[in-house]
Amino acid sequence: MSEVLTRKTIYAHGSLGLPLAVIGYPLSIWIPAHYSGGLGISLAAVGTILMLARLTDVITDPLMGEISDRWRTRIGRRRPWLLICAPVMMLGVYKLFIPDEGVGIVYFLIWLAVFFLGSTMIALPHRAWGAELSPEYHQRSRVTAAREIYVLVGLMLAAAVPMVIE
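Keep in mind the model is a prediction, meaning the values are calculated, not measured.

A. Molecular detail of a nonpolar patch on the surface. A cluster of nonpolar residues, M51, L52, L55, V58, I59, L63, I67, W71 and L109, forms a patch on the protein surface that exposes about 810 Å² of accessible area. Where the nonpolar patch is concerned, the elements lending two or more residues are α3 (43-55) and α4 (57-70). Here the element with the most residues in the nonpolar patch is α4; it accounts for four residues. Among the secondary structure elements, L63 is positioned in helix α4.

Now the structure itself:
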């Protein structure tokens, strides 16, 4: 029998789910309206771009899984990706929410793809790392449950922002 994971370890690992959910929610809810209403891109074009940007996951998800499985560093094979790729995702978020003047379809597609790439490069190693924290089924279930609790809290916080502002 392996060592029981402490609550501190489980919740520390799961805590990354909160900021990922907080960032992902407005991207799904507010960005389509902002780009179609405020910036003049048709809603059909926004939906198509969202689909095309998500289709990049067909390539990036298996590639990132393979890379992070084979990656070897002093601090582990998963942690470096969380550190390196956070700026990639943050740059995508920044460029999407604070667009340059006169943006168009190509701008939206590029920065959305950058965001999704950064998100993939963080989320996949994070989830795989959680599965590696313990060889025991119930321990891994606790790790996953903690991560998903943080995700739900992040979604609720992001959903509450408009109510707090108004």
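The rest of the description comes next.
B. Focus on the packing of aromatic side chains. Across all of its chains, the model carries five aromatic pairs by this definition. The side chain of R54 reaches across the aromatic face of F116, ending 4.3 Å from its centre.

C. Fine view of the layout of surface pockets. Taken as a whole, the largest pocket spans an internal volume of roughly 480 Å³. Lining the largest pocket are 23 residues; nearest its centre among them are L20, R54, S119, A123 and R127. Those elements that provide at least two residues to the lining of the largest pocket are α2 (17-38), α3, α4, α6 (105-132) and α7 (137-165). In terms of residues, the lining of the largest pocket owes the most to one element, α6, which gives eight residues. Here the residues of the lining of the largest pocket are counted per class, giving eleven nonpolar, six polar and six charged.

D. Main features of the pattern of salt bridges. In this structure the tally under the stated criterion is seven salt bridges. A salt bridge links R77 to E132, with the nearest nitrogen and oxygen atoms 2.5 Å apart. Residue R77 is found in the loop between α4 and α5 (79-97), and its partner E132 is found in helix α6; the two are separated by 55 residues along the sequence. Residue R77 is classed as partly exposed on the basis of its relative accessible area, which comes to 24%. Judged by its relative accessible area of 36%, E132 is partly exposed.

Cut-offs and rules
Residues numbered from 1 in each chain as written. Predicted model: local features only at pLDDT ≥ 70, side-chain atom pairs only at ≥ 80, totals over all residues. Heavy atoms only, no water. Patch = residues over 30% accessible without salt bridge, like charges linked within 9 Å, V, L, I, M, F, W, Y side chains within 5 Å. Areas by Shrake-Rupley, 256 points an atom, 1.4 Å probe, with all protein chains shown as cover. Salt bridge = Lys/Arg side-chain N within 4 Å of Asp/Glu carboxyl O. Helix = DSSP H or I, 4+ residues; strand = E, 2+ residues; numbered from the N terminus. Phe/Tyr/Trp six-rings, centres within 6.5 Å; stacked < 30°, edge-to-face > 60°. Lys NZ or Arg CZ within 6 Å of the ring centre and 35° of its normal. 1 Å grid on protein atoms, 1.4 Å probe; cavity = no way out; pocket = protein on both sides within 12 Å on 5 of 7 lines; lining within 4 Å. Points joined across faces, edges and corners; volume = space filled by probe spheres on them. Nonpolar A, V, L, I, M, F, W, Y, C, P; charged D, E, K, R; others polar. Buried < 20%, exposed > 50% of the residue type's maximum accessible area, 1.4 Å probe, protein only.

In short, the description is geometric, and any link to function would need to be established separately.
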